[in-house]
Each structure stands twice: as structure tokens, then as C-alpha cells.
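Residue-level listing of the chains:
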Amino acid sequence: MPIDSDIKSIDDVKGKKVALFKGTNLQLATDRVLSTHGLTEKDVRFINLDTSAAAAALTSGNVDAVFGGPEFLALAKKGIVKIAYTTKGDDPTLGRHTSYLVTAAFEQAHPDVTQRVVTTFIKAAAFASDPANKDEVFDGWSLSGFPRMPSKVIWRPIRLPTVSTR
């Protein structure tokens, strides 16, 4: 939210004009966060803005707050906005982590489908962590509204943990 905002917690967004990129996992996470505070989307005046437009609206004072992600950390470090709430250290179900879970019964009934999904995730992670693919990865991310990262971004390969739960 703007640096001079009186919003200090999730409870304070009730009735405020807040930017949210609807139709994304951010909206789902936002709904869970609101619910833990006894609020729903109807309690907030949400404006549907993608990430770039939300940042512009926030910094220009056209919205009271934004539900967003790490793209706002740089603005907070510069003292342009303040962060009143973070899921860091909170209930992990409130975040935007991407996970696919199956029951043991599903895995036993459909081992081929389960393996195809796991294999696809591993291939995607390998592709995304290869520095030769960084431009294509950043271009893909930018289609979702996430700002295009500069080519000088530090690029570190992702090391996947070994899964041995069977």
C-alpha cells in the first residue's frame, strides 16, 4: 500500500479499493487470507488489474492497496510502498505455492497418470532452470502480467529435491 497508508493489517482493507489480478492463483490465495480474517471479496472493493497495472495504480495513489507477490518487494525496499501483510512464516496454505497432491488410492489406481504429471513437472523445472532458456521463460511469465525481468537478472539453476515417498 502507499507508504502513508493507514492500513496496518488485513482487517483494515475492509471497504477499501484494492487491486487484485483476478482469475489467477493470487485470487485464490487472497480469498483464503481474507477468510482467515473473517472477510470475503464482497467486503473489499476489488479492482481487477494485472501485476504491472496494479503497481502503477498503487504508486500513483489510484488504489488503497494491492494483493500481490514479490514484485512489490523492490518498491518497498525503495520506500515507495509498505507491506502490511506477508504470508512468509504464516500458514503455508495461504501462499501461492504450486503443488499437486494425490491420495495414495489415486496413485495406486492411476500410476501412469501420476508418473506423467511428475515427469512433466521435472521437465518444466529443468527447462526453466537452464540459462539458455531464460528469455523464453521470462517471456512466458510476462504473459501472465508479471513484469518482464531485465536480462541482467542473476540466474541460478534450481536444484530439485529427491522425491522418495514410495
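The structure contained in this document is the topic of the report that follows. This one's a predicted model, so the numbers in the text were calculated from it and none came from an experiment. (Residues numbered from 1 in each chain as written. Predicted model: local features only at pLDDT ≥ 70, side-chain atom pairs only at ≥ 80, totals over all residues. Heavy atoms only, no water.)

Inspection of the secondary structure puts Gln27 in helix α1 (residues 25-36). Judged by relative accessible area, Gln27 falls into the buried class, the value being 17%. At 2.9 Å, the side chain of Gln27 and the side chain of Glu41 are in polar contact. When near neighbours in sequence (up to four residues on either side) are disregarded, Gln27 contacts Leu20, Phe21, Lys22 and Glu41. (Helix = DSSP H or I, 4+ residues; strand = E, 2+ residues; numbered from the N terminus. Buried < 20%, exposed > 50% of the residue type's maximum accessible area, 1.4 Å probe, protein only. Polar contact = N/O pair within 3.5 Å; in protein donor to acceptor, adjacent residues only side chain to side chain. Contact = heavy atoms within 4.5 Å.)

Before going further, it helps to spend a moment on the pairing of strand β1 (residues 17-20). Across four bridges, the pairing between β1 and strand β2 (residues 45-48) is parallel. Bridging across to β2, Val18 finds its partner in Phe46. Once the chain exits β1 it traverses α1 before rejoining the sheet at β2, and the crossover so formed is right-handed. Note that β1 and strand β3 (residues 65-66) share two bridges and pair parallel. By the bridge assignment, Ala19 is partnered in β3 with Val66. (Pairing = 2+ DSSP bridges. Right-handed = clockwise from strand over helix to strand, strands pointing away.)

Before going further, it helps to examine helix α5 (residues 111-129). The end-to-end C-alpha separation of α5 is 27 Å, in line with the 27 Å expected for 19 residues at 1.5 Å each. Looking only at α5, the buried set comprises Thr114, Ala125, Ala128 and Ser129. All buried residues of α5 lie within an arc of 95 degrees about the axis, which places them on one face of the element. Projecting away from the buried face of α5 at angles above 90 degrees are the exposed residues Arg116, Thr120 and Lys123. Structurally, α5 contributes buried residues whose contacts are with α4 (104-109) and α6 (134-142). (Expected span 1.5 Å × (residues − 1). Arc of directions from axis to C-beta.)

This paragraph deals with the environment of Val18. Residue position: Val18 is located in strand β1. Taking the relative accessible area as the measure of exposure, Val18 reaches 0% and is therefore buried. Once residues lying within four places of it in the same chain are set aside, the contact partners of Val18 are Val13, Val44, Arg45, Phe46, Ile47, Ala65, Val66 and Phe67.

Counting residues in hydrophobic clusters, the biggest one holds 15 residues, and the most contacted among them are Ile10, Val13, Val18, Leu34, Val44, Phe46 and Phe67. Among the secondary structure elements, those contributing two or more residues to this core are β1 and α1. If sequence neighbours within four positions are ignored, Phe46 has contacts with Val18, Leu20, Lys22, Thr30, Leu34, Glu41 and Phe67. (Core = buried A, V, L, I, M, F, W, Y, C linked by side-chain atoms within 4.5 Å.)

This part takes up α1. Over its 12 residues, α1 runs 17 Å from end to end, which matches the ideal 16 Å to within 8%, given 1.5 Å per residue. For α1, the set of buried residues is Leu26, Gln27, Ala29, Thr30, Val33 and Leu34. Looking down the long axis of α1, one finds its buried residues gathered within 160 degrees of arc, a one-sided arrangement. Along α1, the residues that are exposed and aim more than 90 degrees away from the buried face are Leu28, Ser35 and Thr36. After α1 finishes, the residue Gly38 shows a positive phi value of roughly 75 degrees.

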